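What the coordinates show
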Protein chains: 2
Amino acid sequence: MAKSVFYHAGCPVCVSAEHDIINLVGAENVEVVHLGDQKNRVGEAEALGLKSVPALVTPNGNVLHINFGASIEDLK
Amino acid sequence: MAKSVFYHAGCPVCVSAEHDIINLVGAENVEVVHLGDQKNRVGEAEALGLKSVPALVTPNGNVLHINFGASIEDLK
């Protein structure tokens, strides 16, 4: 299975969602990207359609926005 | 693994998210509840903390609200 990518920014709701997603999907199936630490990947995330974090991009390219933590605009 | 429960209401964003979640987590690990058809379960969903659908309730009871489809208020 192709990997999903979980984008977050270290906020409490992100970390909680990260643990849930990893438990559900399996750590080996998810790449975790901290956009606060890796600001060079904000553009990539935006190009994929991210509007907020935390969000999970599935292997087929769908973006699942989870709750609402931080606007992508605030991470630039 | 205990089952997660995916609550939705048949809206397009719900159905799309449902397919993604089932692909990621595995159909055997998710119970799917259509709150539009099963209005008797709206109270249960609300008690679990659902504010909107689609949402996934993980085996440990966390509620992951995915995107924003329909307010739980609109399903009563």
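In this text, all values refer to a predicted model and were calculated from it rather than measured experimentally.

Once that is clear, we can look at the interface of chain B and chain A. Each side of the interface is counted separately: chain B has 19 residues, and chain A has 19 residues. Interface of chain B and chain A: buried area, both sides summed, is about 1300 Å²; carbon and sulfur atoms make up 56% of it. For the chain B face of the interface with chain A, the top three residues by lost area are B:Asp20, B:Leu24 and B:Leu64, together amounting to 43%. Summed over the shared surface of chain B and chain A, the number is three residue pairs in polar contact (both at pLDDT 80 or more). Sorting the residues of the side of chain B that touches chain A by element identifies helix H1 (12-25) and strand E4 (63-71) of chain B as the ones contributing at least two each. Element by element, the count of residues in the side of chain B that touches chain A is highest for H1(B), at seven residues. When grouped by side-chain class, the residues that make up the side of chain B that touches chain A number 10 nonpolar, eight polar and one charged.

A few words now on the confidence of the model for chain A. Mean pLDDT for chain A: 86, with 87% of residues reaching 70 or above. Of all secondary-structure elements in chain A, the lowest mean pLDDT belongs to strand E4 (residues 63-71) of chain A, at 72, while strand E2 (residues 30-34) of chain A reaches the highest, 95.

Attention now moves to the nonpolar core. In this structure, A:Ile21, A:Leu56, B:Ile21 and B:Leu56 are the most contacted members of the largest nonpolar core, which totals 18 residues. Of all elements in the fold, only helix H1 (12-25) and E4 of chain A together with H1 and E4 of chain B reach the threshold of two or more residues within this core. With residues up to four places along the chain from it excluded, the contact list for A:Leu56 reads A:Ser4, A:Val5, A:Phe6, A:Ile21, A:Val30, A:Asn62, A:Val63, A:Leu64, A:Ile66 and B:Leu24.

Secondary-structure assignment places A:Thr58 in the loop between strand E3 (52-57) and E4. Considering only alpha carbons, one finds A:Thr58 and A:Phe6, 52 residues apart in sequence, at a separation of 8.7 Å. Those residues in contact with A:Thr58, other than ones at most four positions away along the chain, are A:Ser4, A:Leu64, B:Asp20 and B:Leu24. In terms of polar contacts, A:Thr58 uses its side chain to reach the side chain of A:Asn60, at 2.4 Å.

Quick notes on the rules
Residues numbered from 1 in each chain as written. Chains lettered and ligands numbered in written order. Predicted model: local features only at pLDDT ≥ 70, side-chain atom pairs only at ≥ 80, totals over all residues. Heavy atoms only, no water. Contact = heavy atoms within 4.5 Å. Buried area = accessible area lost by both parts, 1.4 Å probe. Polar contact = N/O pair within 3.5 Å; in protein donor to acceptor, adjacent residues only side chain to side chain. Helix = DSSP H or I, 4+ residues; strand = E, 2+ residues; numbered from the N terminus. Nonpolar A, V, L, I, M, F, W, Y, C, P; charged D, E, K, R; others polar. pLDDT = per-residue confidence, 0-100. Core = buried A, V, L, I, M, F, W, Y, C linked by side-chain atoms within 4.5 Å. Buried < 20%, exposed > 50% of the residue type's maximum accessible area, 1.4 Å probe, protein only.

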